[in-house]
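Now for the letters of each chain:
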Amino acid sequence: MDFSFSDDQRLLRETVARFVADRYGFEDRTRMMAMPGGRDPAIWSEMAELGLLGLPFAEADGGFGGGGTETMILMEEFGRGLVVEPYLSAIVLAGALLQDAATAEQRAARVERIVTGDLRLAVAFAEPRGPRYTVDARETVAVGDRLTGEKIAVLGGDQAQELIVSARTSEGSTALFFVDPAATGVSIRGEAGYDGSRVATVTLHDVAAERIPGDGAAHLSRAIEAANAALCAEAVGAMAAALDLTTEYLKTRKQFGVPIAAFQALQHRAVDMLMQLELARSMAILAAASLDRPAAERTANIAAAKAHIARASRFVGQQAVQLHGGIGITAEYKVGHIFKRLTAIETLFGDADHHIDALTDLGGLAA
Amino acid sequence: MNLDFDADELAFRDEVRAFLAAELPDDIRTAVADRTDLTKEQIVRWHGILHRRGWAVPKWAAEHGGRGWTPAQKYIFQEELSLARAPDEFSFNVAMIGPVIARFGTDAQKERFLPPTASLDIWWCQGFSEPGSGSDLASLKTTAVRDGDDYVVNGQKIWTTLAQHADWIFALVRTDPNAQKPQMGISFLLIDMTTPGITVRPIRTIDNHHEVNEVFFDDVRVPAENLIGQENKGWDYAKHLLGNERSGIARIGLSKERLRWARATAKEMAADGRMTQREHARLLRELIETEIDLKALELTQLRVVAADSAGGGGDPGAGAAASSILKVKGSDIQQRMTEIMMTLAGPAGLAQPDLDHGRNEEPQDRWLPAAAPYYFTMRKVSIYGGSNEIQRNIVAKTVMGL
C-alpha cells in the first residue's frame, strides 16, 4: 500500500500547477472566454509544448505513457484553475477510445498529431431522445460506412478537427466511426456551456465515415470510466479551490465588528466542506487506481467514486456560495464559476443516482 | 500509488483470520454478532485467549509485550477482529493506560502495573469526565491535596464505563486550583478501587443497560507513588492517551461487518416474506449508499495508515484533520448502520424479553430485541471521545485557522 507520488509525478504536478497559475488566472480565463469561439488558441499549443496532450497515450504511439495517476494529477490542477480547454473530451475520452478500440493504422494516423496539438478529437455519443446516459446508439444509424442521425452534448464538438461518432449498425449493435466534421452532410452547432465548456449538436446526413472495429458500446463504457476517473480528480481540484476561497473570505469579511470566521455555525460548515473534500480525494485516488484493474472491480469502484463525488461536489459548491453571501452569486467572482463547473461535473457521464443504480445492479463493491 | 496490501501484509491477514476461526469461542461470536451484552467473564476469557497468543497488547513497545507491528498490520488486525465478530480490544487497558504508564511511568510503576494490565488481571476504568466537565474537560473539579506521602482525593467522576468491574481507576485530578490556565493544574493519578471512601453508583442508560457509572471520592487516600509523571502535568499525559493511535479510529471493520450482516439479513427477510420486494429494493439502495460512503472513509483511513507508515513524503493522509474526519464520519456510519438494523427489525423489535431468564429464542432472532438497545446506545459514539461538534471546533481552529 503506497499513496505517495513518484518524482516524475511530483514534477508533473509542479509543471501543470505552474502553467495554470501563470496562464489561467481567473481574469485570463474570463478574457479567453470572451474571444471568438470562447478560447485562446495559444493555450492548446502551450499544453502541447509542455507535453500534456500526449500524457495518456502509449509511448509506442508517440505519447508519454502516463496512467490513471498522471491524469488524476493533471486534472486536479486543471480543476483548481477552472481550465475550460476540451482536455477531457479530446485527450482523456477520445484518447481512451483510440488506445482501446482503434487499429494500429488508425492510431498511427492520429496520435502524433494529437500530441503536437494539430488534431483535436471530440466524441459524439449522446442522443436527443434516448435514455440520457446510455452508450447504445439508437437514432444515429450506419448504413455501411455512411451515417445519418443527430448527436447532442458533444463536448468540444465545435473545436474538433475530427469526430468519433457512435451509430447503430444494420446488425443492431453500436459501432464507432471517425467522421470528418468538414465532410458533406455534417452540420455542427456549437454553444457555450453554463460552466464555460463548449458543447455541440452534431447533425449527420448520409455522411462518409471510417469504422473503428469492435463493440462500440463496450469501448465507450470503458472510455467513459476513464473520463469519470478524470472528472473525479477535476472535482477535487475545484472543491479545493472553492474551500481555499471560502476559508480566506471567512477570515477577511467582517460583520458585527468581527471576521465572520468567528461564528461557530460558519466554522462548522467550513469544516464539513473540508471533510467532504478529503473523502472525495480518497475516492478520486480509488478511481484513478482502479483504471487498470479487472473489469468488475474497475466498473464498481469508479461508479462508487463518481456517485460519491457528485454528492460532495454539490455540497461543497453550494456551501462555498452560501458562505460567501451575495458575492457568491455574482458573475465577476470566481466562486460562483467553481460552483457551476462542479454542477456540470455532477451530471456529466452519469449523476449520483445513475451510478448508485449501476452499483446496485452489480451487487455492490467487492469485499 | 498502489492501494493493495503487500504479500507480507496479506500473509499476516491470513494468519489473523486462521487464529480467529480457530480460537474465537462461539458464545462470544454470537453475542457480538447479535449485539447482545458481553459478560465480564466473556471479556476476560477472550482477552486471555489473545494474551496467550501474544496479541493482547500488540501496539505496545516490544519490551512490554508489544509486537512491533506496522500501522498497516494494526489496521488489519482490528479489521479482522471486527469482521470475525470478535469483541473490541479492551481499550482502557490496551489503548489508554498501558501506553501512558509505558511512556510516562516510573520503572517501579511499569513493573507493578504493565504485566497485569496486559493480562487484564487489573481491570482499569477511566476517571476523566465530571458532572460539570464534559467537553470542557479541563474545568474538572475533583481535587487531590498532598498530605504526607498521600494525596487526599475528593470529588466525583461520571460516565465511568464498567467501573462496577474495575480494580483500578486512572483519574485526572486538580492539584493546583490557582494555576495560570486550568490545564496546568491537573495531575494524573492511579487509584485502587478498593480504597476506603470510593462509592460506585450505576447509571442506567436508555438501552436499559448498566454500562456507565458515577464514581464518588470522599477523602480517598492515594499513595503519592501512584502519581504518573510530574504533578500538574496530567493534561499532557491525557492528551497523549487520547491521540496516540490513528489506525483504528474510523471503525471500518465494524461497519463493514454490519453491512454484510444487513445484506444477508435483508435477503433472508425478503425471501421469507417479512419484507416486501419494494422494501427490500429500497433497503438495498440505502446499503449501497452507505457502502459508498464507507469506501470513501476506508480509503481515507488507509491514507492515514500509509502516511503514518511512510513518515512523510507521500500523500499527507488528510493531514492534521485526519483524526477528526475519521472520528466524525466513522461515528456517522456506525450510527447509520444501527438505523438500518432498526429498519430491519421493524415493530418485531419492540418487545424486550429478558434473554438471560426468559423464553428460548430461535438463534437467528436473538438480534431482534437487541436492535433497539443497540441503536439507542450507539448514539454515544458521536458524543464520547470529543463530541463531533468538538471535533469540528478542533479542525476549524487548528487546521483551517478560523
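Chains are numbered independently. Their residues run from 1 in the order of the written sequence. Here every chain gets a letter starting at A, and every ligand a number starting at 1, in the order they are written. Predicted model: local features are reported for residues with pLDDT of at least 70 only, side-chain atom pairs are reported and counted for 80 or more only, and whole-chain, interface and lining totals are derived from all residues. Here the side-chain values reflect all heavy atoms present in the structure, with hydrogen atoms and water set aside.

1. Regarding helix α11 (residues 367–377) of chain B
Because each turn of an α-helix spans 3.6 residues, side chains separated by three or four positions end up pointing in the same direction. Residues and elements named next belong to chain B. Partly exposed describes any residue whose relative accessible area lies between the buried limit of under 20% and the exposed limit of over 50%, with all areas from a 1.4 Å probe on protein chains only and scaled to the type maximum. Each helix is a run of H or I in the DSSP string that is no shorter than four residues. Each strand is a run of E no shorter than two, and both are numbered from the N terminus. Most of α11 sits out of view: nine of its eleven residues are buried. Of the positions making up α11, those classed as buried are W367, L368, P369, A370, A371, A372, P373, Y374 and T377. Lining the buried residues of α11 we find α2 (26–34), β7 (210–223), α8 (252–271) and α10 (322–345). Residues are treated as being in contact if the distance between any of their heavy atoms lies within 4.5 Å.

2. Some points on a nonpolar patch on the surface
Judged by side-chain polarity, A:F256, A:V258 and A:F263 come together as a nonpolar surface patch covering roughly 310 Å² of accessible area. Summarising the element assignment, A:F263 is placed in the loop between β10 (258–259) and α9 (264–290). A patch consists of residues exposed above 30% relative accessible area that lack any salt bridge, with like charges linked at up to 9 Å and nonpolar side chains (Val, Leu, Ile, Met, Phe, Trp, Tyr) linked at up to 5 Å. What sets the accessible areas is the Shrake-Rupley method with a 1.4 Å probe; for residues, cover comes only from the shown protein chains. Between Lys or Arg on one side and Asp or Glu on the other, a salt bridge is scored when a side-chain nitrogen of the former is within 4 Å of a carboxyl oxygen of the latter.

3. Some thoughts on the environment of B:N208
With respect to the element layout, B:N208 can be found in the loop between β6 (198–204) and β7. A relative accessible area of 53% places B:N208 in the exposed class.

4. A few points about the domain arrangement of chain B
Each domain's extent is set by a domain assignment, obtained either automatically or from a database. Split into domains, chain B comes out as domain 1 (7–89), domain 2 (124–234) and domain 3 (250–398). A straight line from the C-alpha centre of domain 1 of chain B to that of domain 2 of chain B covers 30 Å.

5. Topic: the pattern of salt bridges
Between side chains of opposite charge, a pair can form when the charged atoms approach closely. Within the structure shown, the criterion is met by 51 salt bridges over all chains. For the salt bridge of A:R23 with A:E46, the shortest nitrogen-to-oxygen distance reads 2.8 Å. With A:R23 in helix α1 (residues 7–23) and A:E46 in helix α3 (residues 41–49), this residue pair connects regions lying 23 residues apart in the sequence. A:R23 sits in the partly exposed class, given a relative accessible area of 23%. Salt-bridge contacts for A:D353 lead to B:R285; the nearest nitrogen and oxygen are separated by 2.5 Å. Within this pair, whereas A:D353 is found in helix α12 (residues 352–362), its partner B:R285 is found in helix α9 (residues 277–310), the two belonging to separate chains. Here A:D353 falls in the partly exposed class, since its relative accessible area comes to 39%. Since its relative accessible area comes to 24%, B:R285 is described here as partly exposed.

6. Notes on the UniProt feature "domain: Acyl-CoA dehydrogenase/oxidase N-terminal" (unreviewed entry) in chain B
UniProt positions are given in the numbering used here, feature names are shortened, and annotations may be inferred rather than shown by experiment. When the UniProt feature table is mapped to this numbering, "domain: Acyl-CoA dehydrogenase/oxidase N-terminal" (unreviewed entry) covers residues 8–119 of chain B. Here residues 8–119 of chain B runs as 71% helix and 0% strand, with 28 Å between its end C-alpha atoms.

7. Let's talk about the UniProt feature "domain: Acyl-CoA dehydrogenase/oxidase N-terminal" (unreviewed entry) in chain A
UniProt records the feature "domain: Acyl-CoA dehydrogenase/oxidase N-terminal" (unreviewed entry) for residues 6–118 of chain A in the present numbering. Segment residues 6–118 of chain A splits into 64% helix and 0% strand. End C-alpha atoms: 30 Å apart.

8. Some words on α3(A)
Residue and element names in this part refer to chain A. For α3, the set of buried residues is I43, W44, M47 and A48. The arc that holds every buried residue of α3, seen down its axis, measures 145 degrees, which confines them to one face. Where the residues of α3 are buried, they touch α1, α2 (26–33), α4 (68–81), α5 (87–100) and α7 (111–115). Arc, as used here, means the arc of the directions from the helix axis to the C-beta atoms.

9. Topic: unusual backbone geometry
Residue and element names in this part refer to chain B. At N232, a residue that is not glycine, the phi angle is positive and equals roughly 70 degrees. You can call N232 partly exposed: its relative accessible area is 21%. Even without being a glycine, R251 presents a positive backbone phi close to 55 degrees. Relative to the elements of secondary structure, R251 occurs in the loop between α7 (234–243) and α8. Taking the relative accessible area as the measure of exposure, R251 reaches 17% and is therefore buried.

10. A few points about the interface of chain A and chain B
Counting residues at the interface gives 45 residues for chain A, matched by 44 residues for chain B. A simple way to read buried area is as the amount of 1.4 Å-probe accessible surface that goes missing from two parts once joined, with both sides added. The junction of chain A with chain B conceals about 3900 Å² of combined surface from both sides, 67% of it contributed by carbon and sulfur atoms. Among the residues chain A hides against chain B, the three largest losses belong to A:M1, A:F3 and A:M275. Together they make up 21% of the total. The interface formed by chain A and chain B includes six salt bridges. A:R311 is the partner of B:E289 in a salt bridge, and the nearest nitrogen-oxygen pair spans 2.8 Å. Pairing of N or O atoms within 3.5 Å defines a polar contact, subject to two protein rules: one partner must be a possible hydrogen donor and the other a possible acceptor, and residues neighboring in sequence count only if both atoms are side-chain atoms. On the surface where chain A and chain B come into contact, there are 15 residue pairs in polar contact (both at pLDDT 80 or more). Where the side of chain A that touches chain B is concerned, the elements lending two or more residues are α4, α8 (216–252), α9, α10 (295–324) and α12 of chain A. It is α9(A) that provides the largest number of residues to the side of chain A that touches chain B, a total of 17 residues. The residue inventory of the side of chain A that touches chain B, partitioned by class, reads 22 nonpolar, 13 polar and ten charged. Throughout, the ten residues Ala, Val, Leu, Ile, Met, Phe, Trp, Tyr, Cys and Pro are labelled nonpolar, Asp, Glu, Lys and Arg are labelled charged, and all others, Gly among them, are labelled polar.

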